[in-house]
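The primary structure of each chain is shown beneath.
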Amino acid sequence: MWHPLSGRAAAAVRMESEKPAPRAADAPLNADDDDAQRSTDAPLGAPHVAPGPLSADDLAQFVRDGYCLLPGAFPRDVAFDCRDALWRRVGDLGIAADDPATWSLAPKGRLGLQDVFRESDLGAPWAECWSDRLRAALDQLCGAGRWVDDDALGCGWWVVTFPGVANAPWGAEGSWHVDGHGYAHRVDSREIGVLPIFLFSDVAARGGGTALAPGSHRAVAELLWRAGAEGVPGPRLSALAREALGAEALAGDAVVETRGRAGDVMLTHPFLLHARSKNLRDVDAAAVRFMCHPAVRLAAPMRVADDGGAPSPVEPRARRASRPRARRRRAADAAPAPRPARRRERDAAAARAGPWPPGWS
Ligand SMILES: O=C(O)CCC(=O)C(=O)O
């Protein structure tokens with residue numbers, strides 16, 4: 001059988017900011033409705049979801065925090081077969097599992113390998129990562145038939161993190177970001193519906209598991225509501241989200257580490273801020289962290305449920321202001337006001353609103 005990792009040229013080493021955008025999606029719905037004041041802090045609803053491996057608590061956690069772990073998402077021996085193949089791949093760079101002295105060839109103790117192994121051109125072990133169990137969980141999160149299950153699904157964008165390089169204390173090391181650097185994000189974007197984080201090695205505490213900012217997906221949804229149809233380019237969205245959340249939300253105990261066993265998948269919301277983290281484990285080949293974060297695309301734009309709606313867990317919650325409140329707001333806007341006072345109000349409102357780009361409401 002053709003082996004995907006054999007005979008390749010020197011590894012392309014990239015970091016997440018250079019990841020290619022997921023395949024472009026059709027133009028999304030216009031989320032900018034001037035008749036509605038929407039907010040994403042609505043109480044959590046109870047979406048109708050298909051039965052599957054995720055429990056009601058898992059689904060509630062996904063809606064509330066933006067992630068949940070699917071243990072045993074794919075077979076553990078498949079994970080280790082993939083890891084062995086990846087060790088052979090990094091062998092192209094002169095890095096060997098049994099020779100920690102070679103690990104320093106990875107700049108700053110990490111490698112980003114751009115290879116993507118797709119079902120269409122690979123057999124085992126890669127295809128087996130997209131197991132029935134994982135697919136059933138994606139049905140629960142997105143709705144059956146609402147995510148793109150085609151032969152473009154793959155495993156790739158490997159981030160390998162070596163122990164023995166970073167210094168304590170543990171924390172995020174890379175920049176906090178949402179994935180999807182190459183397109184303008186909208187609240188109903190379909191380029192990424194779920195971002196699964198595949199574990200190909202056991203990842204213990206302080207072992208370099210992707211750092212997650214719980215609940216940040218709701219802040220990002222709020223930013224996207226404000227942006228409306230124009231959307232926000234990925235890097236700008238990440239910067240705005242970091243600013244809106246503040247440093248405290250992205251440090252210390254506020255941060256959650258992705259931990260688990262080889263074969264687990266951490267299912268994350270596409271709006272969740274995440275970052276690389278330090279691998280502070282002992283120098284041991286078993287502690288070298290192998291993960292990948294491929295995007296699962298949606299088959300249709302995100303739906304946004306209003307009162308009484310039943311979106312899937314990935315879809316943003318929205319709440320319409322009552323019509324009387326919207327009317328009051330319009331009436332207040334229409335009332336004449338002394339110009340200087342109005343200007344002062346606007347300035348104060350702009351200062352409260354934060355560093356939005358020009359044209360944002
Ligand atoms: O290596 C990690 O844990 C994070 C990688 C990441 O954020 C990405 O590839 O987008």
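Up top you'll find the structure we're talking about.
Given the structure is predicted, the values throughout are model-derived calculations rather than measurements.

K.L.:
How should the overall build of the chain be read in this particular structure?
P.N.:
Across its full length, the chain holds 7 helices and 11 strands. Scored against the burial criterion, the 361 residues of the chain give a buried share of 42%. Put simply, 87% of the contacts in the chain that link residues at least 6 apart link residues at least 24 apart.

K.L.:
How do you make sense of the sheet that holds strand E11 (residues 289–292) when you look at a structure like this?
P.N.:
Strand pairing in a sheet is mediated by backbone hydrogen bonds. Such pairs are either parallel or antiparallel. One open sheet accounts for 6 strands, arranged E1-E9-E5-E11-E3-E2; its pairing is antiparallel. Edge strands, defined here as strands with exactly one partner in the open sheet, are strand E1 (67–70) and strand E2 (110–118). The average angle at which neighbouring strand axes cross in this sheet is 20 degrees, direction not considered. As paired strands, strand E3 (residues 154–161) and E11 are joined by 4 bridges and run antiparallel to one another. Counted as the bridge partner of Val-160 is Phe-290 from E11. Packing against the sheet, helix H1 (residues 56–65) makes contact with E1 and strand E9 (265–268), and its axis sits at approximately 145 degrees to E1.

K.L.:
Explain helix H4 (residues 216–227) here, please?
P.N.:
Along an α-helix, a turn takes 3.6 residues, which lines up residues three or four apart on a common side. Taking 1.5 Å per residue, 12 residues should reach 16 Å; H4 reaches 17 Å between its end C-alpha atoms and fits that length. Across the 12 residues of H4, 10 count as buried, placing the element largely inside the fold. The complete set of buried residues in H4 reads Ser-216, His-217, Arg-218, Ala-219, Val-220, Ala-221, Leu-223, Leu-224, Trp-225 and Ala-227. Structurally, H4 contributes buried residues whose contacts are with strand E4 (184–185), strand E7 (232–233) and helix H5 (234–245). A positive backbone phi angle near 65 degrees is found at Gly-228, which sits one or two residues after H4.

K.L.:
In this structure, what is going on with the pairing of strand E5 (residues 195–199)? I would like to understand it.
P.N.:
Successive residues of a regular strand alternate their side chains across the two faces of the sheet. The element E5 is largely enclosed, with a buried count of 5 among its 5 residues. Here E5 shows no split at all, with Leu-195, Ile-197 and Leu-199 on one side and Pro-196 and Phe-198 on the other all buried. Across 4 bridges, E5 lies against E9 in antiparallel orientation. Opposite Leu-195, over in E9, you have Thr-268 as the bridge partner. For E5 and E11, the ladder comprises 2 bridges, and the chain directions are antiparallel. For Phe-198, the partnering residue across the bridge sits in E11 and is Cys-292.

K.L.:
Could you clarify how one ought to interpret the environment of Ala-211 in this entry?
P.N.:
Within the element layout of this structure, Ala-211 appears in strand E6 (residues 211–212). Residues Ala-211 and His-274 lie 63 residues apart in sequence; the distance between their C-alpha atoms is 5.4 Å. Contact partners of Ala-211, with chain neighbours within four places excluded, come to Ala-172, Val-255, Glu-257, His-274, Ala-275 and Ser-277.

K.L.:
I'm lost on the packing of H4 against H5 in this one. Help?
P.N.:
Angle between the axes and distance between the axes: these two values describe a pair of packed helices. Taken N-terminus to C-terminus, the directions of H4 and H5 make an angle of 115 degrees; their axes are 10 Å apart at the nearest point. In the packing of H4 onto H5, the handedness of the crossing is right-handed. Contacts from Ser-216, Ala-219, Val-220 and Leu-223 in H4 reach Leu-237, Leu-240, Ala-241, Ala-244 and Leu-245 in H5. Residue composition of the contact of H4 with H5, grouped by class: 8 nonpolar, 1 polar and no charged.

K.L.:
When you look at helix H3 (residues 132–142) in this model, what are you seeing that I'm missing?
P.N.:
All of the buried residues along H3 are Leu-134, Ala-137, Leu-138, Asp-139, Gln-140, Leu-141 and Cys-142. Of the surrounding secondary structure, the elements contacted by the buried residues of H3 are H1, E1 and E9. In the stretch just after H3, Gly-143 is the one whose phi turns positive, near 100 degrees.

K.L.:
How should I be thinking about the sheet that holds strand E8 (residues 256–257) in this particular structure?
P.N.:
Reading across from one edge, E8-E6-E10 is the order of the 3 strands in this open sheet, with antiparallel pairing throughout. Two strands close off the open sheet at either side, each with one partner strand: E8 and strand E10 (274–275). When E6 meets E8, the two strands line up antiparallel, connected through 2 bridges. Directly across from Ala-211, in E8, lies its bridge partner Glu-257.

K.L.:
Mind showing me how you'd approach the nonpolar core here?
P.N.:
Generally speaking, soluble globular proteins have nonpolar side chains that are buried together. Ranked by size, the top nonpolar core spans 81 residues in total, and within it Phe-198, Phe-200, Val-220, Leu-223, Val-265 and Leu-267 carry the most contacts. Tallying contributions element by element places H4 first for this core, with 7 residues.

K.L.:
What is the right way to read unusual backbone geometry from this model?
P.N.:
Across the chain, the bulk of peptide bonds are trans and the bulk of non-glycine residues have phi less than zero. Of note, the bond from Ala-168 into Pro-169 is cis; its omega dihedral lies within 30 degrees of zero at 5 degrees. Here Pro-169 is to be found in the loop between E3 and E4. Even without being a glycine, Trp-157 presents a positive backbone phi close to 60 degrees. Relative to the elements of secondary structure, Trp-157 occurs in strand E3. For Trp-157, a count of 21 C-beta atoms within 10 Å corresponds to the buried category. One non-glycine residue, Arg-206, lies in the positive phi region at around 65 degrees. Checked against the element boundaries, Arg-206 lands in the loop between E5 and E6.

The rules behind these values
- Residues numbered from 1 in each chain as written.
- Predicted model: local features only at pLDDT ≥ 70, side-chain atom pairs only at ≥ 80, totals over all residues.
- Helix = DSSP H or I, 4+ residues; strand = E, 2+ residues; numbered from the N terminus.
- Buried ≥ 20, exposed ≤ 12 C-beta atoms within 10 Å, placed from the backbone.
- Contact = placed C-beta atoms within 7 Å.
- Pairing = 2+ DSSP bridges.
- Axes fitted to C-alpha atoms, helices over the stretch in contact; angles between N-to-C directions.
- Expected span 1.5 Å × (residues − 1).
- Left-handed = near helix turned anticlockwise from the far one by under 90°.
- Nonpolar A, V, L, I, M, F, W, Y, C, P; charged D, E, K, R; others polar.
- Core = buried A, V, L, I, M, F, W, Y, C linked by C-beta atoms within 7 Å.

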